[in-house]
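One-letter residues, chain by chain:
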Amino acid sequence: MPVPRRSAVAIRHVAFEDLGLLAPILDSAGWDVSYCEAAIDDLAAASVAAADLLVVLGGPIGVYDAEDFPFLQREIELLEHRLARDLPTLGICLGAQLMARALGQAVYPSGAKEIGWGPVSLTEAGTASCLGALAGGAPVLHWHGDTFDLPGGAALLASTAICKHQAFGFGKHGLGLQFHIEADPGRLEHWYVGHAIELASAGVSIPDLRAATADAAQGARTVAEAVFGRWLRDIDGSNLRPALSGAAGEICCGGLAAQGKHHQ
């Protein structure tokens, strides 16, 4: 029997920080993906607000930069809407920070850049969650300099020595990740170019980072499939449909473009 298709919208801030390894996982699980470009597309579109799944990706700006980048406030308002209704929402790096802000918490520079491959320490809740695949110390890609206070009602899932709040769950359908399980090691050359100034100012050696990426590449896809596959199955196993039906009654869900196409 064919897998029923559902709508997923990915909000993207820079072209090279895309869904990466998550894209084929979503496709296999029956999700049709459309990109919404944060800086230029309509974040108030009904099809974005009422998508079956929203993924908010990373980027080189901070939540506190809303005066320079007003679309950040519109993202926060969109996330407030979804999280209040427990609609499936995944935030990665900047996306997780925007989720924390939407839940009423402060986002601020952590005082240290965390860039490179390394493990996370899971809490008891994290071990029981979709992040359980990381319990053996599998390396993930860290690339951030901001942190946030843990939202009230959220479950802390993972930490590192540099950043205590690495991952959190909220409700049944909200997941925030500071680190980049979605990043495709085969495409990180785009990141090295796009973030060249940040890497230089942080004293990160691109050849060393490239070598670490090569070492981590083989296991990265396995980790992404384990983590995101489990999370998507958990969504399917919960009372997702009633939640979506209620949301659709408030905001009419418009049609989405075919997988991977630009969302206007």
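Our structure's up above, just so we're on the same page.
Predicted, not measured: the structure shown is a model, and the values here were computed from it.

## Some words on the pattern of salt bridges
Turning to step 1, where the next piece is worked out: Applying the stated rule across the entire model yields eight salt bridges.
Turning to step 2, where the next piece is worked out: Between E37 and R12 there is a salt bridge, and its shortest N-O distance comes to 2.5 Å. Taken together, the residues E37 in strand 2 (residues 31-37) and R12 in strand 1 (residues 6-12) connect sequence positions 25 residues apart.
Turning to step 3, where the next piece is worked out: Judged by relative accessible area, which is 14%, E37 ranks as buried.
Turning to step 4, where the next piece is worked out: Classification of R12 by relative accessible area gives buried; the value is 15%.

## Structural notes on helix 8 (residues 206-237)
Because each turn of an α-helix spans 3.6 residues, side chains separated by three or four positions end up pointing in the same direction.
Turning to step 1, where the next piece is worked out: Along its length, helix 8 reaches its greatest deviation from straightness, about 55°, at A217.
Turning to step 2, where the next piece is worked out: All of the buried residues along helix 8 are L209, T213, A216, A220, V223, A224, V227, F228, G229, W231, L232 and I235.
Turning to step 3, where the next piece is worked out: Between the side-chain oxygen at the start of helix 8 and the backbone nitrogen of D208 there is a gap of 3.2 Å, and the oxygen is on S205.

## Here's the deal with the pairing of strand 3 (residues 53-56)
Turning to step 1, where the next piece is worked out: Side-chain alternation along strand 3 places L53 and V55 on one buried face and L54 and V56 on a second face that is also buried.
Turning to step 2, where the next piece is worked out: Where strand 1 lies against strand 3, four bridges are found, and the strand directions are parallel. The residue of strand 3 that forms the bridge with A10 is V55.
Turning to step 3, where the next piece is worked out: Relative to strand 4 (residues 89-92), strand 3 runs parallel, the two sharing three bridges. Following the sheet pairing, V56 is matched in strand 4 by G91.
Turning to step 4, where the next piece is worked out: Considered for its hand, the β-α-β crossover made up of strand 3, helix 3 (residues 71-84) and strand 4 is right-handed.

## Topic: the side chain of Q178
Turning to step 1, where the next piece is worked out: Structurally, Q178 is set in the loop between strand 10 (174-177) and helix 6 (188-194).
Turning to step 2, where the next piece is worked out: A polar contact of 2.9 Å, which involves the side chain of Q178, links it to the backbone oxygen of D146.
Turning to step 3, where the next piece is worked out: Leaving out residues up to four positions away in the same chain, Q178 has contacts with C93, A96, Q97, H144, D146, T147, F148, C163, H165 and Q166.

## Re the packing of helix 3 against helix 4 (residues 94-102)
Turning to step 1, where the next piece is worked out: Closest axis-to-axis distance for the helix 3/helix 4 pair is 8 Å, and the angle between their directions is 70°. Here helix 3 lies roughly perpendicular to helix 4, going by the angle between them. Pair helix 3 / helix 4 crosses with right-handed handedness. Mapping the contact onto sequence places L72, E75, I76, L79, E80 and L83 in helix 3 and G95, L98, M99, R101 and A102 in helix 4.
Turning to step 2, where the next piece is worked out: When the residues that make up the contact of helix 3 with helix 4 are grouped by side-chain class, the tally is seven nonpolar, one polar and three charged.

## Side note on the packing of aromatic side chains
Turning to step 1, where the next piece is worked out: Within the structure shown, the criterion is met by four aromatic pairs.
Turning to step 2, where the next piece is worked out: Note on F148 and F168: the rings are 5.6 Å apart at their centroids and 75° apart in plane angle, and the pair reads as edge-to-face. Of this pair, F148 sits in strand 7 (residues 140-148) while F168 sits in strand 9 (residues 167-170); the two residues are 20 residues apart in sequence, bridging distant segments of the chain.
Turning to step 3, where the next piece is worked out: The class for F148 is buried, based on a relative accessible area of 1%.
Turning to step 4, where the next piece is worked out: Among the aromatic residues, those joined into a ring-pair cluster are F16, W143 and W191.
Turning to step 5, where the next piece is worked out: Over the aromatic face of W31 sits the side chain of R6, whose NZ or CZ is 4.2 Å from the ring centroid.
Turning to step 6, where the next piece is worked out: The residue whose ring lies beneath R12 is Y35, and the NZ or CZ to ring-centre distance is 3.8 Å.

Definitions and cut-offs
Residues numbered from 1 in each chain as written. Predicted model: local features only at pLDDT ≥ 70, side-chain atom pairs only at ≥ 80, totals over all residues. Heavy atoms only, no water. Salt bridge = Lys/Arg side-chain N within 4 Å of Asp/Glu carboxyl O. Helix = DSSP H or I, 4+ residues; strand = E, 2+ residues; numbered from the N terminus. Buried < 20%, exposed > 50% of the residue type's maximum accessible area, 1.4 Å probe, protein only. Bend = angle between axes of the 7 residues up to and from the residue. Polar contact = N/O pair within 3.5 Å; in protein donor to acceptor, adjacent residues only side chain to side chain. Pairing = 2+ DSSP bridges. Right-handed = clockwise from strand over helix to strand, strands pointing away. Contact = heavy atoms within 4.5 Å. Axes fitted to C-alpha atoms, helices over the stretch in contact; angles between N-to-C directions. Parallel < 35°, antiparallel > 145°, perpendicular 65-115°, else oblique. Left-handed = near helix turned anticlockwise from the far one by under 90°. Nonpolar A, V, L, I, M, F, W, Y, C, P; charged D, E, K, R; others polar. Phe/Tyr/Trp six-rings, centres within 6.5 Å; stacked < 30°, edge-to-face > 60°. Lys NZ or Arg CZ within 6 Å of the ring centre and 35° of its normal.

Just geometry here; none of it tells us what the structure is for.
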